[in-house]
Amino acid sequence: MLRLLSSSKSKPTSVSSCSTLYTYLTARESSIQLCNSTNSPARHPQITPNPFNPSGFPPNQSNFSKSVQSPNGFRFLHQFSHKSQFYTHQISVNQVFLCGLSLKWRNVGKFNGNGIEFLRFGGLRSFCSESDRESMNYDVVIVGAGPAGLSAAIRLKQLCREKDVDLSVCVVEKGPEVGSHILSGNVFEPRALDELLPQWKQEGAPIDVPVSSDKFWLLTKGRAISLPSPFDNRGNYVISLSQFVRWLGEKAEELGVEIYPGFAASEILYDANDKVIGVATNDMGIAKDGRITLLGEGCRGSLSEKIMKKYNLREKVQGQHQTYALGIKEVWEIDASKHEPGFVLHTLGWPLDNKTYGGSFLYHMKDRQVSVGLVVALNYHNPFLNPYEEFQKLKHHPAIKPLLEGATVLQYGARTLNEGGFQSIPDPVFPGGAIIGCSAGFLNVPKIKGTHTAMKSGMLAAEAAFDVLHEGLNMETYWNNLKNSWIWEELYRARNYRPAFEYGLFPGLALSALEHYVVKGRFPLTLKHGKPDNEATEEAHSYSPIQYPKPDGIVSFDVPTSLYRSNTNHEHDQPAHLRLRDHNIPEHVNLPKYVADDDGRLKLQINAQNCLHCKACDIKDPKQNIEWTVPEGGGGPGYSVM
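Residues numbered from 1 in each chain as written. Predicted model: local features only at pLDDT ≥ 70, side-chain atom pairs only at ≥ 80, totals over all residues. Heavy atoms only, no water.

### With respect to the confidence of the model for the chain
Then, in step 1: Chain-level statistics for the chain give a pLDDT mean of 81 and a share of 78% at 70 or above.
Then, in step 2: The low-confidence segment residues 5-131 (pLDDT under 50) makes 296 contacts with residues lying over four places distant or belonging to another chain.
Then, in step 3: Across residues 285-290 the pLDDT falls below 50, and counting only partners more than four positions away or on other chains, this stretch makes 35 contacts in the model. (pLDDT = per-residue confidence, 0-100. Contact = heavy atoms within 4.5 Å.)

Right, here's the structure in full:
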């Protein structure tokens, strides 16, 4: 367990007198030098044919230096030194330094007799040990390298430059690379980006396909009925969000933000007064009194959920429960003759029944790529409904299938999204920090957009955090500024769209059309959400099993094939990160009530290594018996164009 600590200079009490030293060398001889902190040479990593071990370290040698060529073409210098000069936790060099941190430091540390003190050279902060627990020191710690977290980091460093203040900012990300766990539609509204980085076009942002056509269809099984489009996507862009946040990460690093991919924040750290002082990961952690922790984990963030429950943040502002949907998406490469860059299509209706809220999307990206997906609200009633199989059916619709025939699937993924909107926003401020982005739930449902609001919330939180650290103000400034921002106005006007569909598809269309076109978000009443998603599932005896067609292998596919395309991977021997609170409930409650198991032969099998990190199981489980926890850092999907 490693802790990331805020900016005190903690020092280890003991260091091995014979520490292993690893030096990463680039072509320009820039270097980062690391050594492990173990007291026994016997604990050095094992050699693998890689030539690096699973932790990313070079093979073990003894009492000499040796240059090793990595599979990536970088040279590592491996040596032993009897005079300890450098120190770090055994982090994966391949994961951390090849995927995020820019390598521009020399002589980053020195030995100070009773411990190690790392000097700051461009960004690397101290790695230190307190007893058997390592730590790192920062002023602001951000969990999650998504749009909200990276926007917060960038805005903090911008304020530091404007005010000539030096604050250390760290972002920890559970994905092996920035962007590898990011999935969205995505038709991008650049409003927040215009505020954050006004020169983004000149700086090479991967945003270059403007919306050229905006269609809205109501699907029946065999027809597509055109409706007036309510989305107004003029000035928006079709993008890959995973590629966009990768670019945002580069911009953050240019400003001095330190990003650590492959480190999954698993625990909140508190002081004696129950104030949050940072986070701990499976490998390392962060903390100190008076510093700021920002949680930007995305929808249903595990730490954010714990914080909201501990401090009653939703109840504090009389917020309703959050509601969710599951988005399933594929990226295809299609024939050039069928490609229309910037074409945007949204649908309602088939293949979902009239009581299930959801719809599909189809976006033409660049390079002959097309995003196609289905979003299914997780308050569906029928326990036999399978969102994955509904998505496979969608692709056989006569208005969609011809586009995909003869094309190639590049990638598959799935992720839940917040749909509670204005009614479900919690108080985002807690002692020692704040919740930002989709962890708090700022998605605009009728727009089907949350990236711009997530970014803006991160920027507002960053400004409040800067005022706390530099001016001595209170983090409540974030909450006040949020309510006075365009986020609040936008979500307030959209607040009745999603709950209108509690009454079914056609009543929902009528109410939402009235709200959008006539009263324009000024309806005097605020509709409430129905039951929480897990309580909406009805028992199996009320429904007949749904007979889904077998995949044809051309436009529809089985689950293993899709999982392969998501690049999902977890070490098979790590503890399962999908945990049951009561191991008896699945077999004695869920199977009899919600699954057709007449002969009693079905058993629960958790295959956590196949987890896409969508969080749907955690949300939809009728008895809330599944706890989704972070796996070992770096596990999960590996998205690149999602």
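### So, helix α4 (residues 241-254)
Then, in step 1: For α4, with 14 residues, the first-to-last C-alpha span of 20 Å sits near the 20 Å given by 1.5 Å per residue.
Then, in step 2: Across the 14 residues of α4, ten count as buried, placing the element largely inside the fold.
Then, in step 3: Immediately downstream of α4, the backbone of G256 shows phi near 105 degrees, a positive value. (Helix = DSSP H or I, 4+ residues; strand = E, 2+ residues; numbered from the N terminus. Expected span 1.5 Å × (residues − 1). Buried < 20%, exposed > 50% of the residue type's maximum accessible area, 1.4 Å probe, protein only.)

### Examining a nonpolar patch on the surface
Then, in step 1: Nonpolar side chains collect at one region of the surface, where Y503, L511, L514, Y517 and V518 lie side by side and expose about 500 Å² of accessible area between them.
Then, in step 2: Within the secondary structure, L514 sits in helix α13 (residues 505-518).
Then, in step 3: Residue classification places L514 among the partly exposed positions, given a relative accessible area of 35%. (Patch = residues over 30% accessible without salt bridge, like charges linked within 9 Å, V, L, I, M, F, W, Y side chains within 5 Å. Areas by Shrake-Rupley, 256 points an atom, 1.4 Å probe, with all protein chains shown as cover. Salt bridge = Lys/Arg side-chain N within 4 Å of Asp/Glu carboxyl O.)

### Observations regarding the sheet that holds strand β22 (residues 343-349)
Then, in step 1: Read from one edge of the open sheet, seven strands run β14-β13-β22-β23-β24-β21-β25, paired in mixed fashion. A strand with exactly one partner marks an edge of an open sheet, and here the two such strands are β14 (224-226) and β25 (408-418). Neighbour to neighbour, the strand axes of the sheet diverge by 20 degrees on average, direction disregarded.
Then, in step 2: Relative to strand β24 (residues 369-377), strand β21 (residues 324-333) is paired through nine bridges, and the arrangement is antiparallel. Counted as the bridge partner of I328 is L374 from β24.
Then, in step 3: The strands touched by helix α7 (residues 387-394) are β13 (213-219), β21, β23 (358-364), β24 and β25; relative to β24, the strand with the most contacts, the crossing angle is about 135 degrees. (Pairing = 2+ DSSP bridges. Axes fitted to C-alpha atoms, helices over the stretch in contact; angles between N-to-C directions.)

### A closer look at unusual backbone geometry
Then, in step 1: A cis amide bond links G185 with the next residue in sequence, N186, at an omega value of 5 degrees.
Then, in step 2: For the bond from W350 to P351, the omega torsion is 10 degrees, close enough to zero to count as cis.
Then, in step 3: Locating P351 in the fold gives a position in the loop between β22 and β23.
Then, in step 4: Unusually for a residue other than glycine, R300 sits at a positive phi of about 60 degrees.
Then, in step 5: The topology assignment puts R300 in the loop between β20 (292-295) and α5 (302-310).
Then, in step 6: Judged by relative accessible area, which is 13%, R300 ranks as buried.
Then, in step 7: Unusually for a residue other than glycine, R368 sits at a positive phi of about 60 degrees.
Then, in step 8: Within the secondary structure, R368 is located in the loop between β23 and β24.

### What to know about the layout of surface pockets
Then, in step 1: Counted as a void, the largest pocket has a volume near 1800 Å³.
Then, in step 2: In terms of lining residues, the largest pocket is bounded by 44 residues, among which Y380, N386, A616, C617 and I626 are the most central.
Then, in step 3: Sorting the residues of the lining of the largest pocket by element identifies β21, α7, β25, α15 (559-565), β28 (578-580), α16 (585-594), α17 (616-620) and β29 (626-628) as the ones contributing at least two each.
Then, in step 4: Considering every element that reaches the lining of the largest pocket, the biggest residue donor is α16, with four residues. (1 Å grid on protein atoms, 1.4 Å probe; cavity = no way out; pocket = protein on both sides within 12 Å on 5 of 7 lines; lining within 4 Å. Points joined across faces, edges and corners; volume = space filled by probe spheres on them.)

### Focus on the nonpolar core
Then, in step 1: Ranked by size, the top nonpolar core spans 84 residues in total, and within it F244, L294, M475 and Y478 carry the most contacts.
Then, in step 2: In terms of residues, this core owes the most to one element, helix α9 (residues 451-471), which gives eleven residues.
Then, in step 3: Discounting residues that sit within four places of it in the chain, L294 has contacts with V140, V141, I142, V143, A152, A434, I436, A461 and M475.
Then, in step 4: Membership of the second largest hydrophobic core comes to 66 residues, among which are W217, I334, L509 and Y548. (Core = buried A, V, L, I, M, F, W, Y, C linked by side-chain atoms within 4.5 Å.)

### Here's the deal with the packing of α9 against helix α10 (residues 476-483)
Then, in step 1: Running from amino to carboxyl end, α9 crosses α10 at an angle of 140 degrees, the nearest separation of the two axes being 8 Å. Accordingly, the angle class assigned to the pair α9 and α10 is oblique. With respect to the hand of their crossing, α9 and α10 are arranged in right-handed fashion. Contacts from S457, L460, A461 and A464 of α9 reach α10 at T477, Y478, N481 and L482.
Then, in step 2: Residues of the contact of α9 with α10, tallied by class, amount to five nonpolar, three polar and no charged. (Parallel < 35°, antiparallel > 145°, perpendicular 65-115°, else oblique. Left-handed = near helix turned anticlockwise from the far one by under 90°. Nonpolar A, V, L, I, M, F, W, Y, C, P; charged D, E, K, R; others polar.)

### What to know about the pattern of salt bridges
Then, in step 1: Going through the model one piece at a time under the given rule, you end up with 19 salt bridges.
Then, in step 2: The partner of E203 in a salt bridge is K251, and the shortest N-O contact between them spans 3.5 Å. On the criterion of sequence distance, the pair formed by E203 in the loop between α3 (191-196) and β13 and K251 in helix α4 is long-range, its members being 48 residues apart.
Then, in step 3: The exposure class assigned to E203 is partly exposed, which follows from its relative accessible area of 35%.
Then, in step 4: Among the ionic pairs, E419 bridges to R498, the shortest N-O distance being 2.8 Å. One end of the pair, E419, is in the loop between β25 and β26 (429-430); the other, R498, is in helix α12 (residues 497-500), and 79 residues separate them in sequence.
Then, in step 5: The structure contains a network of salt bridges with shared partners spanning R155, E162 and E463.

### What to know about empty space enclosed by the protein
Then, in step 1: A complete count under the given rule lists six cavities of 30 Å³ or more for this structure.
Then, in step 2: Taken as a whole, the second largest cavity spans an internal volume of roughly 230 Å³.
Then, in step 3: Considering the residues around the second largest cavity, the lining is formed by 19 residues, among which Y357, G358, G359, V445 and I448 are closest to the centre.
Then, in step 4: Counting only elements with at least two residues in the lining of the second largest cavity, the list comes to β22 and β23.
Then, in step 5: Here the element with the most residues in the lining of the second largest cavity is β23; it accounts for five residues.
Then, in step 6: Of the residues contributing to the lining of the second largest cavity, the split by class is 13 nonpolar, five polar and one charged.

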